[in-house]
Amino acid sequence: MSTHRAAWIVGVVLLAVLSPRGAPAQNAPVTIGPMTLAVPAAWTPVPNAVSGLVQYNVPTRSASGQAVVSLTAAPHGGATLAAGHQALWANLVRNTGTPQEQRSGQSGRFVWSEMRVVDARNAQQWHRMYSTQEGSVHVLVSIAADAAAAFASTLAAVEPMLAGARFGAPATAAAAPVAAPAATSVGSVPIVEAHVHVDIRAVTATSNVLTDHILFFGNGIVAREGVITGPRECYALYDVRQLARLPFNYGRWREDKGAGIVQIQWQEGPPWTLKREAGRLSLGGKRLLVLRPLDGLRLDGVYEYRPVGSPPSSIELRPDGRFEAVNLAERMGCPTQARPGALAGAGQYEVRAWTLILRFAGGQVTPLPLHVEAGEDLRQVQRFGLNGHEFVRRR
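Being a predicted model, the structure only gives us computed values, none of them experimental.

Enquirer: Mind showing me how you'd approach the overall build of the protein here?
Expert: The helix and strand inventory of the protein stands at 3 helices and 27 strands. Of the contacts formed within the protein by residues at least 6 apart in sequence, a portion of 55% connects residues at least 24 apart. Accessible surface, the protein: about 17,600 Å² in total, of which carbon and sulfur atoms supply 53%.

Put into structure tokens, the structure is as follows:
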């Protein structure tokens, strides 16, 4: 398994292989956020440019079985352990193949989920993800292997290691990993730029116009998401830190700044060569549109969605970050990522990565794909969409 293939795990992957005498040689203790544990000397560190992520390749007794380990921690943003774990696990499932078997349970202070998956090339993978919380920090421990024997031997070593982990006060802000709240964004890799690509495949009476959002992540991953008017998924939930295999609509990008060229190698489909001109990107001489950032947006007013034959949905959004929602619908959420959670109540809201994140006073977190038309004045938004449902400002 290549480093990229195994490194998709969201969070902390702790893998170990026992020495022939049954006791692994230990390196100096490793501290991740509030957790400290000893790392076996047989582990090989993997260079990683992502802040807050520590990774290891783990030796196995079989040349055909490989495993990778990663460690990370992030503020949980007020989410419960169960909610944070479920959001992370749902995103992990989304970024792999088809789960054949899933299990869950508890080991000491950690909750865990496990699955065997078969990817698009009919290759099997084994994964387990552990979660715990200490103070305001969510800690993740995940296992990835491409052979059953490697997974089993790793799991047998991880359990006692976790039992011996020490927890204390979270690391200071200067030393702590930089990451978004676990319940709303499992990835700490920023989207450095985003564009809109429009492709007309046929010029007929029924023209096939395809519109994609192209999201460039700071670690060299790029995603292509089909849209109609606005996002249908919650981009704030995308995690590109550790992908065993890139999904079909993902790729890798690199830029030659001297030449003003951006190269994209898509997982499927032909590569792209884009030209940067005065801050804009063009493909084949056709300029891409800039997807206007909305991070930090504050709205002011009561907005309503009024479907025919059904009660209206409304949400009041205030400049101080407070909201009150009534009768939101599940279909307004992210269809393949996470259920929307609470559909009514009050709390605090945030706009990040074209996602409206509602943090209800009861602890539930509801992410919704947000679209604001390019012509809207962001100082006084009159209408916006939540996964295709248009909300209009009434007062």
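Alright, that's what it looks like, and here's the rest.
Enquirer: Quick question: what am I supposed to make of the environment of N95 here?
Expert: Position of N95 relative to the elements: it lies in the loop between α2 (81-94) and β6 (98-107). Owing to a relative accessible area of 6%, N95 belongs among the buried residues under this scheme. Residues N95 and L243, 148 residues apart in the sequence, show an inter-C-alpha distance of 7.1 Å. The contact partners of N95, leaving out residues within four places of it in the chain, are D239, L243, R245, P247 and Y250.

Enquirer: Just to check I follow, could you spell out the pattern of salt bridges for this structure?
Expert: Note that side chains of opposite charge can pair when their charged atoms are close. Applying the stated criterion to the full structure yields 16 salt bridges. When the shortest N-O distance is used, the salt bridge between E193 and R276 registers 2.8 Å. Of this pair, E193 sits in strand β11 (residues 191-200) while R276 is found in strand β16 (residues 272-277), placing the two residues 83 residues apart along the sequence. R352 serves as the salt-bridge partner of E350, at 2.8 Å between the closest nitrogen and oxygen. Given a relative accessible area of 15%, R352 falls into the buried group. Shared partners join several salt bridges into a network, and the residues in it are R103, E114, R128 and E159.

Enquirer: Just checking my understanding: could you explain helix α3 (residues 148-163) for this structure?
Expert: Given 3.6 residues per helical turn, the α-helix brings residues three or four places apart onto the same face. Its 16 residues give α3 an end-to-end C-alpha distance of 23 Å, which sits within 8% of 22 Å, the value for a rise of 1.5 Å per residue. Along α3, the residues classified as buried are A150, F151, T154, L155, A157, V158, M161 and L162. Taken together, the buried residues of α3 touch β2 (35-40), β5 (67-75), β7 (110-118), β8 (124-134) and β9 (137-145).

Enquirer: Looking at this structure, how should I read the state of the cysteines?
Expert: Where two cysteines share a covalent bond between their sulfur atoms, that bond is called a disulfide. This model, assessed by the stated rule, comprises 1 disulfide. The disulfide bridge from C234 ends at C334, spanning 1.9 Å between sulfur atoms. Note on the C234 and C334 pair: the S-S dihedral is about -65 degrees, so by sign convention the disulfide is left-handed. Highlighted residues: C234 in the loop between β13 (221-227) and β14 (250-256) and C334 in the loop between β22 (322-326) and β23 (345-352), separated in sequence by 100 residues. Judged by relative accessible area, which is 0%, C234 ranks as buried. For C334, a relative accessible area of 3% puts it in the buried group.

What counts, and at which threshold
- Residues numbered from 1 in each chain as written.
- Predicted model: local features only at pLDDT ≥ 70, side-chain atom pairs only at ≥ 80, totals over all residues.
- Heavy atoms only, no water.
- Helix = DSSP H or I, 4+ residues; strand = E, 2+ residues; numbered from the N terminus.
- Contact = heavy atoms within 4.5 Å.
- Areas by Shrake-Rupley, 256 points an atom, 1.4 Å probe, with all protein chains shown as cover.
- Buried < 20%, exposed > 50% of the residue type's maximum accessible area, 1.4 Å probe, protein only.
- Salt bridge = Lys/Arg side-chain N within 4 Å of Asp/Glu carboxyl O.
- Expected span 1.5 Å × (residues − 1).
- Disulfide = S-S within 2.5 Å.

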